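# Architecture and fold: a report
Given next are the chains, with one letter for each unit.
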Amino acid sequence: MAIQILMPALSPTMTEGTVAKWLVKEGDTIKAGDVIAEIETDKATMEVEAVDEGVLTQILVPAGTENVAVNTPIAMIEGEEQQAGATPAPTAASQPVTTKAPPASPAPAAPIAAQETEDMGPTQSQTVREALRDAMAEEMRRDPAVFLMGEEVAQYQGAYKVSQGLLDEFGAERVIDTPITEYGFAGLGVGAALAGLKPIVEFMTFNFAMQAIDHIINSAAKTLYMSGGQQSAPIVFRGPNGAASRVGAQHSQCYASWYAHVPGLTVVAPYSAADAKGLLKSAIRSPNPVVFLENEILYGRSFEVPTNEDWTVPIGKAKVVRKGRDVTIVAFSIAVAHALAAAETLAAAGIEAEVIDLRTLRPLDVETIVASVKKTNRVVSVEEGWPFAGMGAEIAATIMEHAFDWLDAPVLRVTGKDVPMPYAANLEKLALPGPDDVVAAVHAVTYR
Amino acid sequence: MAKTAAKKAEKVAGSPAAALLQHYRDMLLIRRFEEKAGQMYGMGLIGGFCHLYIGQEAVVVGMQAAIREGDSVITGYRDHGHMLACGMDARGVMAELTGRSGGYSRGKGGSMHMFSKDKRFFGGHGIVGGQVPLGTGVAFAAKYARTDAVCLTYFGDGAANQGQVYESFNMAELWSLPVVYVIENNQYAMGTAVSRASAQVELSRRGESFNIPGRQVDGMDVLAVKAAGEEAVAWCRAGKGPIILEMKTYRYRGHSMSDPAKYRSKDEVQKMRAEHDPIDQVRARLLGENLADETALKEIDREVKAIVAEAAEFAQHSPEPDPSELMTDITL
């Protein structure tokens, strides 16, 4: 009985990968548990372990093949007759054995082209992940006081491969693997900043930074003020924020409004790779503590990124990424993708939406928001975080203060649902905002 | 003024006698300063929290004598003594206590939050144990810059139970960071005796599982502190990593100004003052060994009193910060 071995998935969000290496050849006898192949995504490498036993009759996908979709048959086994309970089902999937890899990000998706382009000079297509790495590498070359510390940033090359190659270039003194002690190493980083260094502290995700929030706020954000302007803390806290996919309540939370609440902090949450790079460079050069919120799902997405190493994006400036006259959609991070997708749908219905990517959450670019509201008279805010006391609440209040008379409808918020993140695929989908929610909100504020 | 006192010991300048006289003077300055702060608190001139260092003076004075320029100091909220020992101006410290523009943080920090880049004093931190990773980071920066500077990181017996202390110990030893952890064991974390809060009451042993050596030191004896401090600092400078000094000390006053003092007896405090006072011990020694006479000590007393009086005067007359100060120094 022939059994197919299927391309396994590292996580529910992985859609394709590379068959990197075959460790068996046609004609070999395979026992359950044998490692037969290695597959790779842009983030992790894993070994494929055989579930079924028999003779490998055919390799369908040769080593080195890229972009192999999950569940594609990659080899055939001829099962042994005498094997009791052998499952003849042709769909039997192989069991991936991961090496402590975090959940994979989904396959790169084509970015929705921004309508407004800045003068970025010559560009190249890069993923957000590569852009972040280049930003760190360039700033580390530029300033010897800049160093990176965090869990798995060095030898492992980054839990999400953001720091890939940095250990090789800068050595173990400047790319430092830490123990899994966020409170301690965040505090240590702040101490180093007080003493004149420019640390980049990577949190594997911002969920774990909750253990370190005391140092982010009490030690980093407040020190300049408490010292009467004498003692600064130039440090960047960065890592993925918000929901990834199917990782449950403790690993899926947006901290945007938490940090944006705090005087003394700068809070950045880019969407595109260009902004990720330009803003991370600005954050590293900033004399202030910066919370830099990335998004795991965006890591693999590609955008045009300037090649000029001196190109940076100023902190505190939002960007109109799509022009429109009928409604303003204010978003940041991955919500910008939802906003742009919604704008496409709305355009087909004759509603021209203007989309603002906030990019920096603190200080908020009130001017850009207000200028847009004065044109469109209607606003929808979009964020993944919870609604209560979220960024949307702040945006709505800001618009009331600055442009109340220009509003033709109440500001509406599209947010994550007010619940801890569920695990079940259908419930998680319901908990997170998407383009349809934005479209519905726009219809509500435009009354059409 | 300190020079005047030192002149008396001119013939033994640079000698142990001159050093001891200097320690006497430095401890006395802290004692008188804190007494004055307590008094001003009672008069409503100082607000909020005010944690006095009285009784523990030998710790900072001894440790300060063991370091040199370029080294750093960081501590928690019982910090006035550390700042004076670092050489920070008594007027600036007192004016910060009164919340005036002449204070080290221009009135915006208060008793627990002062800094001096000049003296490499990194604060002044109000969250129990928070200064421990910070001080470890200051030591990290010293090593990163390839200097042989050390960071004295002070914390109390209460903070010694904080998880972040052990996270710091682990990294400090792992990376051989030049940090001296000075545990000021004054026996009570607020109102809780060490034995009621700590499974292992010998705090010098708290680094054992990280392979960090620890020593217990009589923190009421300035010379014992200094000797232990010199050894510890030499250990760090030699690149051997962190070291722990547990200073057995005692605070005479309450945890802060509002302390019911129900957790210990008056006799206990009295006995400690009578038998172990760090200043009295040095005074007795100076006189007993004919290293200084009453006149010389009186002159030091006068000098110290004058400094404190001037600081108190300055702190009361320095203007409050301008209202425009409210919204400055938030970011650069």
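As the structure is a computational prediction, the values presented were derived from the model and not from experiment. (Residues numbered from 1 in each chain as written. Chains lettered and ligands numbered in written order. Predicted model: local features only at pLDDT ≥ 70, side-chain atom pairs only at ≥ 80, totals over all residues. Heavy atoms only, no water.)

## So, the overall build of chain B
Secondary structure assignment for chain B yields 12 helices and seven strands. Whereas a compact globule of 332 residues would reach a radius of gyration of roughly 20 Å, chain B reaches 19 Å, a difference of no more than 12%. In terms of overall dimensions, chain B has a C-alpha envelope of 55 × 50 × 45 Å along the principal axes. Considering chain B as a whole, with its 332 residues, one finds that 55% of them fall into the buried category. Nonlocal contacts in chain B, meaning residues at least 24 apart in sequence, comprise 74% of its contacts between residues at least 6 apart. (Helix = DSSP H or I, 4+ residues; strand = E, 2+ residues; numbered from the N terminus. Rg over C-alpha atoms; globule rule 2.2 N^0.38 Å. Buried < 20%, exposed > 50% of the residue type's maximum accessible area, 1.4 Å probe, protein only. Contact = heavy atoms within 4.5 Å.)

## Here's the deal with the confidence of the model for chain A
In this model, chain A carries a mean pLDDT of 91, and residues with pLDDT of at least 70 account for 90%. Within the model, pLDDT remains below 50 along residues 82-117 of chain A, and this stretch shows 83 contacts once partners closer than five positions in the same chain are excluded. (pLDDT = per-residue confidence, 0-100.)

## Some points on unusual backbone geometry
Residue A:Pro363 follows A:Arg362 across a cis peptide bond; omega there is 0°. Along the chain, the position of A:Pro363 falls in the loop between strand E21 (360-362) and helix H10 (366-376). The residue A:Asn67 is not glycine, and still its phi comes out positive at about 55°. Among the secondary structure elements, A:Asn67 is positioned in strand E7 (residues 65-69). Assessed through its relative accessible area of 54%, A:Asn67 is described here as exposed. We note that B:Asp329 has phi near 65°; this positive angle belongs to a residue other than glycine.

## A word on helix H3 (residues 57-64) of chain B
Most of H3(B) is tucked away, with seven of its eight residues classed as buried. Regarding H3(B), the residues found buried are B:Glu57, B:Ala58, B:Val59, B:Val60, B:Val61, B:Gly62 and B:Met63.

## Some words on the confidence of the model for chain B
Averaged over all residues, the pLDDT of chain B is 94; the fraction at 70 or higher stands at 96%. Per-residue pLDDT stays below 50 along residues 1-12 of chain B; that stretch engages in 15 contacts with residues further than four places along the chain or on separate chains.

## Let's talk about the packing of helix H2 (residues 16-42) of chain B against helix H5 (residues 90-97) of chain B
Residue and element names in this part refer to chain B. Running from N to C, H2 and H5 point in directions that differ by 25°, and their axes come no closer than 11 Å. By the angle class used here, H2 and H5 are roughly parallel. Of the two elements, H2 crosses H5, and the hand of that crossing is right-handed. Where H2 approaches H5, its residues Phe33, Lys36, Ala37 and Met40 are matched on the opposing element by Ala90, Val93, Met94 and Leu97. Taken together, the residues of the contact of H2 with H5 break down into seven nonpolar, no polar and one charged. (Axes fitted to C-alpha atoms, helices over the stretch in contact; angles between N-to-C directions. Parallel < 35°, antiparallel > 145°, perpendicular 65-115°, else oblique. Left-handed = near helix turned anticlockwise from the far one by under 90°. Nonpolar A, V, L, I, M, F, W, Y, C, P; charged D, E, K, R; others polar.)

## Observations concerning the nonpolar core
Counting 82 residues, the largest nonpolar core has A:Phe203, A:Phe237, A:Tyr259, A:Leu358, A:Leu361 and B:Phe140 as its most contacted members. Residue assignment places this core across two domains, with domain 2 (123-306) and domain 3 (319-446) of chain A each supplying three or more. (Core = buried A, V, L, I, M, F, W, Y, C linked by side-chain atoms within 4.5 Å. Domains from an automatic or database assignment.)

## Looking at the interface of chain B and chain A
Of the residues lining the interface, 36 residues belong to chain B; the matching set on chain A comes to 42 residues. Here chain B packs against chain A, burying approximately 3300 Å² in sum over the two surfaces, 66% of which is carbon and sulfur. The largest contributions to the chain B side of the interface with chain A come from B:Phe115, B:Tyr144 and B:Leu332, which together make up 21% of the buried area. Here chain B and chain A share one salt bridge between them. Between A:Glu173 and B:Arg146 there is a salt bridge; the shortest N-O distance is 3.0 Å. Looking at the side of chain B that touches chain A, the elements that each hand over two or more residues are helix H6 (131-144) and helix H7 (163-174) of chain B. (Buried area = accessible area lost by both parts, 1.4 Å probe. Salt bridge = Lys/Arg side-chain N within 4 Å of Asp/Glu carboxyl O.)

## Here we look at the pattern of salt bridges
Pairs can form between side chains of opposite charge once their charged atoms are near each other. Residues and elements named next belong to chain A. Per the counting criterion, the structure on display carries 37 salt bridges over all chains. Between Arg141 and Glu309 there is a salt bridge; the shortest N-O distance is 3.6 Å. Residue Arg141 is found in helix H1 (residues 128-142), and its partner Glu309 is found in the loop between strand E17 (302-306) and strand E18 (319-322); the two are separated by 168 residues along the sequence. Judged by its relative accessible area of 45%, Arg141 falls in the partly exposed class. On the basis of relative accessible area, Glu309 is assigned to the partly exposed category, the value being 40%. Measuring nitrogen to oxygen at the nearest pair gives 3.6 Å for the salt bridge that ties Arg325 to Asp326. By relative accessible area, which is 54% here, Arg325 ends up exposed.

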